[in-house]
Amino acid sequence: MYPPPHHQSHDIEKMISVVKNFPLGTLITAKNGRPYITHIPFIYNENIKRLVAHVDRSNPQMETLLENAIVTAVFNGPDTYISPSVYTTPQLPTYNYIKVHVTGKLKLIRNAEEAKKTLVDMTDFLEGKNQKYSLKMDNHNMEKLINYIQAFEIEITNWEGKFKLSQDKNHTDFQRAKMELIKNSRKKDSAFIENIYR
């Protein structure tokens, strides 16, 4: 089994937290042995338990985005190099990271009003608690561009948490690795990292 069991998380809430805190995901599909990869923001809809996003219709990946197609979205949390100098015991250099892979069935949103609602919801989420901008359903620019995008949902069939956090080290070294990850990450991610380590 790879990665080893101690580097895997089955905690759905922690994986959802990764998606919410690091919403820029990597959408991966394939056709005839050729991979298609696009970096786009996603939101996790709590009500329907699905990922929601959109792509430009001119994106070549569109030819793989068919109803019920199996797709994967990858989300990247904090990561850092861990020098052996961090540990109290002899170790080799390594790299720690927090990743989430979400696989599911693609559900196309064909109704223009529903597609616009996904853009409004995404904007509200990305603006955060102290919103400086609010996208309205009757926004003229969105009305002009809505037919140039394809909104979609991913009906999730599998969550994979890849949390490599020095779990195989003793308690002191485990904590030292955590502090190294916090030190080398954005200040606003400290509480997020602490929660992942719990």
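Position labels on residues start from 1 in each chain and follow its written sequence. Per-residue local features of the predicted model are confined to residues with pLDDT of at least 70, and side-chain atom pairs are confined, for both listing and counting, to 80 or more; whole-chain, interface and lining totals are unaffected and use all residues. With hydrogens and water set aside, each side-chain value is computed from the structure's full complement of heavy atoms.

Trainee: Before we go on, may I ask you to explain the nonpolar core in this structure?
Mentor: Note on soluble globular proteins: their nonpolar side chains tend to be buried together. Within the largest apolar cluster, 40 residues are counted, with the highest numbers of intra-cluster contacts made by L27, F42, L51, F75, F152 and W159. Secondary structure follows DSSP: runs of H or I at least 4 residues long count as helices, runs of E at least 2 residues long count as strands, and numbering of each begins at the N terminus. Broken down by secondary-structure element, the contributors of at least two residues to this core are helix 1 (12–21), strand 5 (50–56), strand 6 (70–82), strand 7 (94–109), strand 8 (149–164), helix 4 (171–183) and helix 5 (190–197). By definition in these notes, contact holds between two residues if any of their heavy atoms fall within 4.5 Å. With residues up to four places along the chain from it excluded, the contact list for L27 reads Y36, I37, T38, I40, F42, V55, Q61, L65, V71, T72, F152 and I154. If you look at the next biggest cluster of nonpolar residues, it comprises nine residues, including I109, L119, L135 and I149. Note on terminology: a nonpolar core comprises buried Ala, Val, Leu, Ile, Met, Phe, Trp, Tyr and Cys residues joined through side-chain atoms within 4.5 Å. Exposure is judged per residue with a 1.4 Å probe applied to protein chains only, and the accessible area is read against the type maximum: over 50% gives exposed, under 20% gives buried, and values in between give partly exposed.

Trainee: Mind showing me how you'd approach the packing of aromatic side chains here?
Mentor: Two descriptors summarise a pair of aromatic rings, namely the distance from one centre to the other and the angle between the planes of the rings. Aromatic pairing here means that ring centres of Phe, Tyr or Trp (its six-membered ring) are within 6.5 Å. Orientation follows from the plane angle: under 30 degrees is stacked, over 60 is edge-to-face, and everything else is tilted. Across all of its chains, the model carries five aromatic pairs by this definition. When the ring of F42 is compared with that of F75, the centres are 5.4 Å apart and the planes differ by 75 degrees; the resulting orientation is edge-to-face. Remark: F75 occurs in strand 6 and F42 occurs in the loop between strand 3 (34–41) and strand 4 (43–45); sequence separation between them is 33 residues. Residue class for F75 comes out buried when judged on its relative accessible area of 0%. When the centroid spacing of 5.1 Å and the interplanar angle of 50 degrees are considered together, the rings of F174 and Y197 count as tilted.

Trainee: Hey, could you run me through the packing of helix 4 against helix 5 in this one?
Mentor: For any two helices packed against each other, one specifies the crossing angle of their axes together with the interaxial distance. For every element, the axis is a line fit to its C-alpha atoms; helices are fit only across the contacting stretch, and the angle between N-to-C directions ranges from 0 to 180 degrees. Interhelical geometry of helix 4 versus helix 5 gives an angle of 155 degrees and a closest axis separation of 10 Å. Taken together, helix 4 and helix 5 sit at an angle that is classed as roughly antiparallel. Relative to helix 5, the crossing made by helix 4 is right-handed. Contacts between helix 4 and helix 5 involve F174, A177, K178, L181 and I182 from the first element and S190, I193, E194 and Y197 from the second. Under the scheme applied here, ten amino acids are nonpolar (Ala, Val, Leu, Ile, Met, Phe, Trp, Tyr, Cys and Pro), four are charged (Asp, Glu, Lys and Arg), and all others, including Gly, are polar. Partitioning the contact of helix 4 with helix 5 into residue classes produces six nonpolar, one polar and two charged. An angle below 35 degrees is read as roughly parallel, one above 145 as roughly antiparallel, one from 65 to 115 as roughly perpendicular, and any other as oblique. In this scheme, a crossing is called left-handed if the near helix is turned counterclockwise away from the far one by less than a right angle; it is called right-handed if the turn is clockwise.

Trainee: Before we go on, may I ask you to explain the side chain of T38 in this structure?
Mentor: If you trace the backbone, T38 turns up in strand 3. Here Q61 takes part through its side chain, which lies 2.4 Å from a polar atom of the side chain of T38. Counted as a polar contact is a pair of N or O atoms within 3.5 Å, where, for protein atoms, one must be capable of donating a hydrogen and the other of accepting one, and residues adjacent in sequence contribute only when both atoms are in side chains.

Trainee: Got a minute to help me understand the pattern of salt bridges in this structure?
Mentor: Opposite charge on two side chains permits them to pair, given that their charged atoms come into close proximity. Salt bridge, as used here: a side-chain nitrogen of Lys or Arg that lies within 4 Å of a carboxyl oxygen of Asp or Glu. Within the structure shown, the criterion is met by 15 salt bridges. With its nearest N and O atoms 2.8 Å apart, the salt bridge here joins D121 to K117. Of this pair, D121 and K117 both sit in helix 2 (residues 112–127), four residues apart, roughly one helical turn. Judged by its relative accessible area of 27%, D121 is partly exposed. Judged by relative accessible area, which is 41%, K117 ranks as partly exposed. Residue R186 is joined to D189 by a salt bridge in which the shortest nitrogen-to-oxygen separation is 2.6 Å. Classification of R186 by relative accessible area gives partly exposed; the value is 39%. Through salt bridges with shared partners, one network takes in R50, K107, E153 and E155.

Trainee: Which parts of the structure should I look at to understand the environment of A69?
Mentor: Structurally, A69 is set in the loop between strand 5 and strand 6. Assessed through its relative accessible area of 17%, A69 is described here as buried. On a C-alpha basis, the gap between A69 and A191 in space is 36 Å, while along the polypeptide they are 122 residues apart. If near-sequence neighbours (up to four positions away) are discounted, A69 is found in contact with T64, G104, K105 and L106.

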